[in-house]
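Listed below, chain by chain, are the residues.
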Amino acid sequence: MKVFSTTLFVFFFLIACQSPQSQVELVNHDLGQVIKDYQHFKDHQSPFNQDIPGKTNSQLPDLSPKNLEKQHQSLLAIYQRLTQIAAKGLTRAEAINHSVLSYTIKNQLDNYTNHEHYMPLTAESGFHVWISRINRQVSFKTVQDYEDYLARLSALPEYFSQQMFWMNKGIEAGITQPKVVLEGFEGSIKAFIKQDVTSSTYYQPFVTMPSHFTKEDKLSLRAKAESIILQSVMPSYQRYYDYMVQRYQPNARTQIAASSLPNGEEYYLNRLQHYTTLAISVDEVHQTGVAEVKRIRREMDNIIQQLDFSGSFADFVNFLRTDEQFYATSPEGLLKEASFIAKKMDAQLPRFFKTLPRTPYGVIEVPANIAPKYTTGRYSGPSRDDQAGNYWVNTYRLDRRPLYVLEALTLHEAVPGHHLQGSIAREMKNVPKFRNSTYISAFGEGWGLYAEYLGLEAGFYQSPYSNFGRLTYEMWRACRLVVDTGMHAKGWSRERAMRFLADNTALSLHNVKTEIDRYISWPGQALSYKMGELTIKRLRKMAEQELAESFDLRDFHDQVLKNGSMPLSMLEVLMNEYIADKKAEQRSLQDSN
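Residues numbered from 1 in each chain as written. Predicted model: local features only at pLDDT ≥ 70, side-chain atom pairs only at ≥ 80, totals over all residues. Heavy atoms only, no water.

Peer 1: Tell me about the overall build of the chain, and please be specific about residues and values.
Peer 2: Within the chain, the secondary structure is distributed over 23 helices and three strands. A compact globule built from 593 residues should have a C-alpha radius of gyration of about 25 Å, and the chain, at 24 Å, falls within 12% of that. Across its three principal directions, the C-alpha atoms of the chain cover 70 × 60 × 55 Å. Classification of the 593 residues of the chain by burial places 58% in the buried group. Taken as a whole, the chain presents about 24000 Å² of accessible surface, with 50% of it coming from carbon and sulfur. Between the mean site of the 66 positive side-chain charges and the mean site of the 65 negative ones, the chain shows a separation of 1 Å. (Helix = DSSP H or I, 4+ residues; strand = E, 2+ residues; numbered from the N terminus. Rg over C-alpha atoms; globule rule 2.2 N^0.38 Å. Buried < 20%, exposed > 50% of the residue type's maximum accessible area, 1.4 Å probe, protein only. Areas by Shrake-Rupley, 256 points an atom, 1.4 Å probe, with all protein chains shown as cover. Lys, Arg positive; Asp, Glu negative; His and termini not counted. Charge placed at Lys NZ, Arg CZ, Asp CG, Glu CD.)

Peer 1: I'd love a proper account of the sheet that holds strand S2 (residues 377–380), names of residues and values included.
Peer 2: By way of backbone hydrogen bonds, the strands of a sheet pair with one another, either parallel or antiparallel. Strands sit in the order S1-S3-S2 across an open sheet of three strands; the sheet is mixed. Where the open sheet ends on each side, the last strands, each with one partner, are strand S1 (361–365) and S2. On average, each strand axis in the sheet is tilted by 20° relative to the strand beside it, whichever way the strands run. Bridge count between S2 and strand S3 (residues 389–393): four bridges; the pairing is antiparallel. Pairing of Ser 380 across the sheet is with Asn 390, part of S3. Helix H15 (residues 418–426) rests against S1, S2 and S3 of the sheet, and its axis sits at about 15° to S2. (Pairing = 2+ DSSP bridges. Axes fitted to C-alpha atoms, helices over the stretch in contact; angles between N-to-C directions. Contact = heavy atoms within 4.5 Å.)

Peer 1: Report on helix H23 (residues 568–592), specifying residues and quantitative values.
Peer 2: Between its terminal C-alpha atoms H23 stretches 36 Å, which fits the 36 Å expected from 25 residues at 1.5 Å a residue. Listing the buried residues of H23 in full gives Leu 568, Met 570, Leu 571, Leu 574, Met 575, Tyr 578, Ile 579 and Lys 582. If you follow the buried residues of H23, they end up packed against helix H4 (92–113), helix H10 (264–276), helix H17 (441–457), helix H21 (528–547) and helix H22 (553–561). (Expected span 1.5 Å × (residues − 1).)

Peer 1: Can you break down the pattern of salt bridges residue by residue, with the values?
Peer 2: Pairing is possible between side chains of opposite charge, provided their charged atoms come close. According to the stated counting rule, one finds 34 salt bridges in the structure shown. The closest approach of N and O atoms between Glu 533 and Lys 530, which form a salt bridge, is 2.8 Å. One end of the pair is Glu 533 and the other is Lys 530, both in helix H21 and three residues apart, which spans about a single turn. Across this residue pair, the class does not change: Glu 533 and Lys 530 are buried. Between Glu 546 and Lys 583 there is a salt bridge, and its shortest N-O distance comes to 2.7 Å. With Glu 546 in helix H21 and Lys 583 in helix H23, this pair connects stretches of sequence that are 37 residues apart. A single network of salt bridges, built from pairs that share partners, joins Glu 292, Arg 295, Glu 299, Arg 470, Glu 474, Lys 530, Glu 533 and Lys 537. (Salt bridge = Lys/Arg side-chain N within 4 Å of Asp/Glu carboxyl O.)

Peer 1: Give me the packing of aromatic side chains: which residues, what numbers.
Peer 2: Using the criterion set out here, one finds 36 aromatic pairs in the structure. Through pairs of rings, three or more aromatic residues link up here, namely Phe 127, Tyr 159, Phe 160, Phe 192, Tyr 202, Tyr 237, Tyr 240, Tyr 243 and Tyr 248. The ring of Tyr 461 carries Arg 470 above its face, with NZ or CZ at 5.7 Å from the centroid. (Phe/Tyr/Trp six-rings, centres within 6.5 Å; stacked < 30°, edge-to-face > 60°. Lys NZ or Arg CZ within 6 Å of the ring centre and 35° of its normal.)

Peer 1: Please set out the packing of H4 against H10 residue by residue, giving values where relevant.
Peer 2: Viewed as axis vectors pointing N to C, H4 and H10 meet at an angle of 155°, and their least axial separation amounts to 11 Å. Between H4 and H10, the angle falls in the class roughly antiparallel. The chirality of how H4 crosses H10 is left-handed. Residues Tyr 103, Lys 106, Asn 107, Asp 110 and Asn 111 of H4 lie in contact with H10, whose contacting residues are Asn 270, Arg 271 and His 274. Each residue belonging to the contact of H4 with H10 can be placed in one class, and the counts come to one nonpolar, four polar and three charged. (Parallel < 35°, antiparallel > 145°, perpendicular 65-115°, else oblique. Left-handed = near helix turned anticlockwise from the far one by under 90°. Nonpolar A, V, L, I, M, F, W, Y, C, P; charged D, E, K, R; others polar.)

Peer 1: Which residues make up the environment of Thr 329, and what values go with them?
Peer 2: By secondary structure assignment, the location of Thr 329 is in the loop between helix H12 (313–322) and helix H13 (331–352). With 69 residues separating them in the primary sequence, Thr 329 and Leu 398 have C-alpha atoms 7.0 Å apart.

Peer 1: Hey, could you go over the environment of Asp 346 for me, with residue numbers and the actual values?
Peer 2: Mapping Asp 346 onto the fold places it in helix H13. When the C-alpha positions of Asp 346 and Pro 416 are compared, they lie 8.1 Å apart, and in sequence the two are 70 residues distant. Asp 346 has contacts with Tyr 361 and Val 415, leaving out every residue within four places of it along the chain.

Peer 1: How would you sum up H21? Please name residues and give values.
Peer 2: For H21, with 20 residues, the first-to-last C-alpha span of 28 Å sits near the 28 Å given by 1.5 Å per residue. Listing the buried residues of H21 in full gives Ser 528, Tyr 529, Lys 530, Met 531, Gly 532, Glu 533, Thr 535, Ile 536, Leu 539, Arg 540, Ala 543 and Leu 547. At the exit of H21 stands Ala 548, carrying a positive phi of roughly 50°.

Peer 1: Which residues make up unusual backbone geometry, and what values go with them?
Peer 2: Geometrically, the link from Val 415 to Pro 416 is a cis peptide bond, its omega value of 5° lying close to zero. Looking at where Pro 416 falls in the secondary structure, it is placed in the loop between helix H14 (406–413) and H15. Of note in the backbone geometry, Tyr 461 takes a positive phi value of approximately 60° without being a glycine. Mapping Tyr 461 onto the fold places it in the loop between H17 and helix H18 (464–489).

Peer 1: I'd love a proper account of the environment of Phe 165, names of residues and values included.
Peer 2: With respect to the helices and strands, Phe 165 occurs in helix H7 (residues 156–173). Classification of Phe 165 by relative accessible area gives partly exposed; the value is 34%. A sequence separation of 102 residues divides Phe 165 from Leu 63, and the C-alpha atoms of the two residues are 9.5 Å apart.

Peer 1: Tell me about the side chain of His 98, residues and numbers included.
Peer 2: Position of His 98 relative to the elements: it lies in helix H4. Within the local environment of His 98, its side chain forms a polar contact with the backbone oxygen of Leu 82, the two atoms lying 3.2 Å apart. When near neighbours in sequence (up to four residues on either side) are disregarded, His 98 contacts Leu 31, Leu 82, Ile 85 and Leu 90. (Polar contact = N/O pair within 3.5 Å; in protein donor to acceptor, adjacent residues only side chain to side chain.)

Peer 1: How would you explain the confidence of the model for the chain if you had to name every residue and give the values?
Peer 2: On average, residues of the chain score 94 in pLDDT, and 95% of them reach the 70 mark or higher. Segment residues 4–29 is flagged for pLDDT under 50; beyond a separation of four residues in sequence, or across chains, it makes 101 contacts in the model. (pLDDT = per-residue confidence, 0-100.)

Next comes the structure, spelled out in structure tokens:
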């Protein structure tokens, strides 16, 4: 999975700071002009969207009610112009731009009207974690870079106050995270509170400073950092910790379903259709999940029979969960195994892709302050062009991180999954700027799950246990269609959902709990994986059948990825056009012969 911040991070972390001078003059209905106006809006929406030393680089987002409403109205005006542009007659490139931009803006508008800013947190993480990554936004090459960073640290108390203001609004409106998924959440806040400020993550840029800085500059900047972290940063986290324990958790809602929220049924359908990018119903998604669970279970049972295991499915899963042979004995051992798998897949990439990105990636552990409630692994893309991407591996509680799923996890998060797909998108040329940073979950997570499947063709999963692990991961995503819709729209309890996921996969019971809590706190997102993968597989099968011996898998993959993230309906249009073009080429060759 792409790192959590991709969706909610974009909304909460970048939602702000539009100055009066940045109001967009909306005058032209031409698509190109709308795109320019949107980019102008986005550039001025948040100080994180522009790199201006001494100005935006020293600011944090403004989350005040007045500013958010003003931004919403500006964006709504742009969207209204965009919807007036007829798709018919647009070029292929224009049609993609129109589709992606429409999807992107609609979600931003929906986020505001759905009051997503009332809940700047999930079971796994929250704004207090996302904002701690501001040091990744800065190159730290000049004294001004450090001064700007210090100005941002000084602004953290107001930023925290604004977030807690919206959370209080959520309490008043009955729009909070469920109490049950917040158990232990305060620990992720406490992890940032340090008696020794030099051990704070916020102090890290001052540990190693550019060698060309004078001794006086270094001493001065470090002294300022210690003072600001002590007087502004630590009190902000302590205040938020106290708020979480004393106010938010006691007043959080007791029901888990999104449908229990104000306008909950409409809200959940909105999220379901957003994350799948499909005009589909709750029941259709649920039944698709039920059918996929049955299909995958048959394949899992076949492997158990091949191993001549004497016992039930539950016995076999218990064996996998408890036998020491399936677990690393040290964090370094787990990271090395993940790195080895990733490097093996690196060597296979030319077999499956004509176009490969230039951006490298690393393999690192999930930060300790969020690891206990975090998922097994994630991909975190670079913030700047002088950074690599990173495949995060959770090394907390090694007895809950089975090696038999590590091949599937690695192919999903690193290559040919998120790193490959995301890097190709970021490196696209001659497209509007917003296209390089757009991430659409059904496309990206669907590709990630498809990447796991590609491992079969690349020679992975040679061990039946590893192949069972692959099926466990596929089953995990199929179960999501059932439990997400079940909990949010069909009255399922948290316990029933955990039992369903535990009974049908070999996920550790710790992972089962953290995953179910994630689905509760992030309605609909978990649906994107399987629905996206099913679409990509269906399009591949269609291309194979239509093109027969002319089908080129490497070319097909390039066609899927070369235009970046997009709604699945747009991808289907492009794949139909690709097949038609290839068939026309075949006829032309036959005629010439």
